[in-house]
Amino acid sequence: MAHQLFMDKGFQATSIQEILDYSGISKGTFYNYFSSKTELLLAIFKSIYQKLEKDRNDLLIGQDPSDIDIFIAQIELQMKMNKRNKLIALFDEVMVSNDVDLLDYIKQGHLNWIRWLYERFIDIFGNSKKAFLLDCAIMFMGILQNNLKYNYMANESGSSVNRVIRYSVERLVKIVDEVTETGDRLIDPEQLDSWLPNCKKKDQAFQQNLYQTILAVKKILNHDHLKYANLLDFIQEELLDSKNPRKYLVESALLSLKSDQVFSEKEDIQKLEQLIEAYFTQMEITD
């Protein structure tokens, strides 16, 4: 309900009292969960992007990660989510504010998107071009955003979002080929580690292994096994997105998976267990 008010009136123009009145909760209940309106907005952003990540990953289930059409569908999903939730307008409000927490979140969000593009480009273009793909991710983000913006300005009915994305991706393919051929590079991909120092995805090999293993396990599932898909999503989010992954919860989720006959003696579930064990062993060594 707060999100609806923020979309209708704007974040700055919406008071906490209006949120309380609209949602029908008391001030005490509000402050039991959020210390401020800013914290509430951050929770909204996080909720939206957690769902986006899940939906983007779901598009890859049973598909070839190198298929550009799947990548286009993932980008289109994100653009439509941005429009539906009026995120650009909310981001614009944040950018003119002096709220350090919100500004930091937006900055981290941009870096996370660059990282996601970089990792998907590795899937699409291969490890042989990896050294140039961070530059390409940064360029693609600028190309796409400006193509969408000015296409809309030129004609509000505009080209379809899918056509703009596809046009931008087709330009990207040429750019990747050109920079690889010339060997030109501006930014070393290792720079991502310093930009996102607290990110659990620094170990790219582990991240890719976990991602592919969970996709493989999901292929076993059918519509009757939704709860297991949710458990797999939880394990992935806990290991890759949480600052302090809760070992007992991850192990509990894994135990629930292993207890069902659908996963009995499956090689991929055994590989997932090994990855989780290795992850927490490495954490203990680091600590």
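In what follows, the structure referred to is the one given above.
Everything in this summary refers to the structure shown in the same document. Quick caveat: nothing in here was measured; it's all calculated off a predicted structure.

## Considering the overall build of the protein chain
Right, so step 1: Within the protein chain, the regular secondary structure consists of 14 helices and 0 strands.
Right, so step 2: Listing each helix as α and each strand as β along the protein chain from the N terminus yields α-α-α-α-α-α-α-α-α-α-α-α-α-α.
Right, so step 3: Relative to the 2.2 N^0.38 estimate, which gives 19 Å for 287 residues, the radius of gyration of the protein chain is 21 Å and therefore close to what a compact globule would have.
Right, so step 4: Looking at the protein chain as a whole, 40% of its 287 residues qualify as buried.
Right, so step 5: Considering only contacts in the protein chain between residues 6 or more positions apart, those separated by 24 or more positions represent 67%.
Right, so step 6: Accessible area of the protein chain: about 16,000 Å², with a carbon and sulfur share of 50%.
Right, so step 7: Here the protein chain holds 34 positive side-chain charges and 43 negative ones, and the gap between their average locations is 3 Å.

## Here we look at the packing of aromatic side chains
Right, so step 1: The final tally for this structure, using the stated rule, is 12 aromatic pairs.
Right, so step 2: Ring geometry for Phe71 against Phe140: centres 5.8 Å apart, planes inclined by 50°, an arrangement best described as tilted. Here Phe71 is found in helix H5 (residues 68-84), whereas its partner Phe140 is found in helix H8 (residues 130-154), with 69 residues between them in sequence.
Right, so step 3: On the accessibility criterion, Phe71 (1% relative accessible area) is buried.
Right, so step 4: Residue class for Phe140 comes out buried when judged on its relative accessible area of 0%.
Right, so step 5: Put simply, the rings of Phe71, Trp116, Phe121, Phe125 and Phe140 pair up and form one aromatic cluster.
Right, so step 6: In this structure, Lys37 is placed above the aromatic ring of Phe11, and the distance from its NZ or CZ to the ring centre is 4.6 Å.

## Regarding the environment of Asn98
Right, so step 1: Within the fold, Asn98 resides in the loop between helix H6 (87-95) and helix H7 (100-125).
Right, so step 2: In this structure the C-alpha to C-alpha distance between Asn98 and Leu254, which are 156 residues apart in sequence, comes to 43 Å.

## Section: the side chain of Asp123
Right, so step 1: Within the secondary structure, Asp123 sits in helix H7.
Right, so step 2: With a relative accessible area of 17%, Asp123 lands in the buried category.
Right, so step 3: Excluding anything up to four places from it in sequence, Asp123 contacts Pro65, Ser66 and Gln208.

## Some remarks on unusual backbone geometry
Right, so step 1: The backbone of Lys86 sits at a positive phi, close to 50°, despite the residue not being glycine.
Right, so step 2: Mapped onto the fold, Lys86 is located in the loop between H5 and H6.
Right, so step 3: The class for Lys86 is partly exposed, based on a relative accessible area of 42%.

## Looking at the packing of H5 against H7
Axis angle and axis distance: for two packed helices, these are the angle between their axes and the distance between the axes, and together they describe the pair.
Right, so step 1: Between H5 and H7, whose axes approach to 10 Å, the crossing angle comes to 165°. Here H5 lies roughly antiparallel to H7, going by the angle between them. Of the two possible hands of crossing, H5 and H7 adopt the one that is right-handed. Seen from H5, the contacting residues are Ile68, Ile70, Phe71, Gln74, Ile75, Gln78 and Met79; seen from H7, they are Trp113, Trp116, Leu117, Arg120, Phe121 and Ile124.
Right, so step 2: In terms of residue class, the contact of H5 with H7 is built from 10 nonpolar, 2 polar and 1 charged.

## As for the nonpolar core
Generally speaking, nonpolar side chains in soluble globular proteins are found buried as a group.
Right, so step 1: By size, the foremost hydrophobic cluster in this structure holds 27 residues, and its most contacted members are Phe71, Ile75, Trp113, Leu117, Phe121 and Phe140.
Right, so step 2: At the level of elements, H5, H7, H8 and helix H9 (161-182) are the ones that each hand at least two residues to this core.
Right, so step 3: Sorting elements by how many residues they give to this core places H7 first, with 9 residues.
Right, so step 4: With residues near it in sequence (within four places) discarded, Phe140 still touches Phe71, Ile75, Leu117, Phe121, Ser168, Val169 and Leu172.

## Here's the deal with the side chain of Gln208
Right, so step 1: Relative to the assigned elements, Gln208 resides in helix H11 (residues 204-218).
Right, so step 2: Engagement of the side chain of Gln208 in a polar contact is seen with the side chain of Gln207, the distance being 3.3 Å.
Right, so step 3: If near-sequence neighbours (up to four positions away) are discounted, Gln208 is found in contact with Glu119 and Asp123.

## A short note on H6
Structurally, the α-helix is built with 3.6 residues per turn, so residues lying three or four positions apart point the same way.
Right, so step 1: Those residues of H6 that fall on the buried side of the exposure criterion are Leu87, Leu90, Phe91 and Val94. The buried residues of H6 occupy an angular sector of 100° when the element is viewed end-on, so they sit on one face.
Right, so step 2: Buried positions along H6 lie against helix H1 (2-9), helix H4 (37-58), H5 and H7.

## Focus: the packing of H5 against H9
Right, so step 1: Contact pair H5 / H9: the axes reach a minimum separation of 10 Å and the direction vectors enclose 130°. With respect to H9, the axis of H5 lies oblique. In the crossing of H5 with H9, the sense of the turn from one axis to the other is right-handed. On H9, the residues touching Ile68, Asp69, Phe71, Ile72, Ile75, Glu76 and Met79 of H5 are Val161, Asn162, Ile165, Arg166, Val169 and Val173.
Right, so step 2: Partitioned by chemical class, the residues of the contact of H5 with H9 number 9 nonpolar, 1 polar and 3 charged.

Definitions and cut-offs
Residues numbered from 1 in each chain as written. Predicted model: local features only at pLDDT ≥ 70, side-chain atom pairs only at ≥ 80, totals over all residues. Heavy atoms only, no water. Helix = DSSP H or I, 4+ residues; strand = E, 2+ residues; numbered from the N terminus. Rg over C-alpha atoms; globule rule 2.2 N^0.38 Å. Buried < 20%, exposed > 50% of the residue type's maximum accessible area, 1.4 Å probe, protein only. Contact = heavy atoms within 4.5 Å. Areas by Shrake-Rupley, 256 points an atom, 1.4 Å probe, with all protein chains shown as cover. Lys, Arg positive; Asp, Glu negative; His and termini not counted. Charge placed at Lys NZ, Arg CZ, Asp CG, Glu CD. Phe/Tyr/Trp six-rings, centres within 6.5 Å; stacked < 30°, edge-to-face > 60°. Lys NZ or Arg CZ within 6 Å of the ring centre and 35° of its normal. Axes fitted to C-alpha atoms, helices over the stretch in contact; angles between N-to-C directions. Parallel < 35°, antiparallel > 145°, perpendicular 65-115°, else oblique. Left-handed = near helix turned anticlockwise from the far one by under 90°. Nonpolar A, V, L, I, M, F, W, Y, C, P; charged D, E, K, R; others polar. Core = buried A, V, L, I, M, F, W, Y, C linked by side-chain atoms within 4.5 Å. Polar contact = N/O pair within 3.5 Å; in protein donor to acceptor, adjacent residues only side chain to side chain. Arc of directions from axis to C-beta.

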